[in-house]
Structures are given as structure tokens and as C-alpha cells.
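# Structural overview for review
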Amino acid sequence: MTPNPRQAQLLDAVRARGSMSVEALAEQFAVTLQTVRRDVKLLSDAGLLARFHGGVRVPSSTTENIEYLQRQRLNAQAKQRIARTVAAAVPAGCSLIINIGTTTEAIARELLHHRGLRVITNNLNVAAILSGNPDCEVIVAGGIVRSRDRGIVGEVTVDFIAQFKVDIGLVGISGIEADGTLRDFDYREVKVAHAILQHSREVWVAADHSKFNRPSMVELARFEQVDMLFTDAPPPAPFPALLAQAGVNCVTCTEDAP
């Protein structure tokens, strides 16, 4: 199909944020919910958008993630709000494991002035960022370096992580499905994440709003394994009930976050 001007603008808005609710689109374009639903149906039927309950998102593969440079730009402001809030919650003098992802890299930038941190990471970008903090000891996991995002994966990485027990495991993910599973695309990356969960006293997950209802192939964790979830907007149904049932402290990071 060839979208009309309003549909093209709607498509651009969703692509810029990753996902949006029907209500937010109706408000942004000053049209009725029925009009948005009509546009969304046409765009999803054409494969340009993917619908979920109450909203719409950029269509994605369950087997392959979005290209790294595109992920850096996607929802950048939301990731920044999450990063500020997470960093404010990280106490001085603690130990962390930080995994692969553009959100965890944003968190690393916000930790540049923390004191007394010891950070283990399988993310060369995180290591490079935090090496700029003279009061942070950075320990880099061994393993295979993925050229596309400088993440480190493999059995050597899993074995390396297993040597430690840290205060906080900071985990970024690719998707959260409606059954309460946290998912990613690369099984080798997920195996490292499993080790992080097992060797962290607390597990904190950082995920912007576009990750909800986003499918991906490999199960990384369930809500029951998570202590805190940091996101930038209230999660849509059925996630609030699932989070409450699992005892997860869900923190919504607003514009006014520290």
C-alpha cells in the first residue's frame, strides 16, 4: 500500500519510538480512536506495523535483532531516563555485572561519577565507558567478541562470570512477552545472562516501553527471577498483574527522574 500523509506520519511516529498505544496516537494526531485503529489495521495488513493489545509497534523478527546502530538511536530519550533512574539507585561501593545492550551502555555513562564501584561486564562498550571513571574497577569477561555490537559471548564467558557473586546484575533484554518471559535473540548471549542471574544477589532489568509485547526466540528469564524492572512508561496489560504476582518492583522512569 501507499500510506496517505496521516498514515505516513503515524508510521514515522511509531518507528521513532518503537511502539505506541492507540490512545497516544489518537492524541498526537488529533483524530478518533476509530480512525487510528483503521489506519493501524491497514498498515499492519501491509506488514508495515505489528499490532498488540492496545497498541502498535515496529514489526520485528523473532530470530534476529534490529541492527546495532539503529538500536542506539531507537528510544534514546527513554533509555536516558531509565539510565538516570537506575544510576541513582546504584549505591556507591557496590559490585555489579552489566550485560550487552544499548540501554546498559546508557546506564554505564550515568555511572561515570559513582565512587568505589567494581563492575564485571561482557560488553566492551560498557568497559570503554566506565574506564573513564578512575574510581571504578572494570573487569572484562573473556570470550568471543561479536563485531556488530562488541558484546562478548561463549562458554568461556559463562565460566568467567561463574567465578563471582555481585550485589547487582544489570540486565538489558530484547523483548518481554505476555506470558511474563524475558527474551533475547542470541542463545549464546542468553547463556551468559543466565550466569549473571545466578551470580547476582539482586537482578535489575532495564527495558524501555518498546520491549513489551516484542517477540524474540530465546527465553532469558521469568519475572520471578527479577527483583526490579526499570522502564519509561507504565507497562500495558497484562504486565502489571504479572509483575505484582511475581513480586517485581517496577519503577517507571519519568522526565523528572534524578
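Before reading further, recall that the structure is shown in the block above.
Positions within a chain are numbered from 1, following the residues in the order the chain's sequence is written. Predicted model: local features are reported for residues with pLDDT of at least 70 only, side-chain atom pairs are reported and counted for 80 or more only, and whole-chain, interface and lining totals are derived from all residues. Computation of side-chain values covers all heavy atoms of the structure but excludes hydrogens and water.

## Examining the sheet that holds strand S9 (residues 166-172)
As summarised here, the arrangement of the 7 strands in space is S6-S5-S4-S9-S12-S14-S15, forming an open sheet in which the pairing is parallel. Of all the strands in the sheet, the pair left with one neighbour each is strand S6 (136-140) and strand S15 (249-252). Sheet twist, expressed as the average angle between the axes of neighbouring strands with direction ignored, equals 20°. At least two bridges found by DSSP between two strands are what make those strands a pair. Comment: elements are numbered from the N terminus, with helices defined as DSSP H or I runs of at least four residues and strands as E runs of at least two. Inspection of the sheet shows strand S12 (residues 200-206) paired to strand S14 (residues 228-231) by 3 bridges, in the parallel sense. For Val205, the partnering residue across the bridge sits in S14 and is Leu229. Strands strand S4 (95-98), S9 and S12 of the sheet are contacted by helix H9 (residues 187-198), whose axis makes an angle of about 130° with S12. Each axis is a line fitted through C-alpha atoms, and for a helix only the stretch in contact is used; angles between axes span 0 to 180 degrees, taken between their N-to-C directions. The criterion used for residue contact is that any of the two residues' heavy atoms lie within 4.5 Å.

## Description of the environment of Ser131
Position of Ser131 among the secondary structure elements: in the loop between helix H7 (124-130) and S6. A sequence separation of 112 residues divides Ser131 from Ser19, and the C-alpha atoms of the two residues are 34 Å apart.

## A few points about the packing of aromatic side chains
Where two aromatic rings form a pair, the distance of their centres and the angle of their planes describe that pair. Pairing of aromatic rings covers Phe, Tyr and Trp, the last through its six-membered ring, and needs centres within 6.5 Å; plane angles under 30 degrees mean stacked, over 60 mean edge-to-face, and all others mean tilted. Here the structure, examined in full by the defined rule, presents 3 aromatic pairs. Look at Trp204 and Phe230: their rings are 5.5 Å apart centre to centre, the planes differ by 50°, and that puts the pair in the tilted class. Residue Trp204 is found in strand S12, and its partner Phe230 is found in strand S14; the two are separated by 26 residues along the sequence. With respect to burial, Trp204 and Phe230 carry one shared label: buried. In this scheme, a residue with accessible area under 20% of its type's maximum is buried, one over 50% is exposed, and one in between is partly exposed, where area comes from a 1.4 Å probe on protein chains only.

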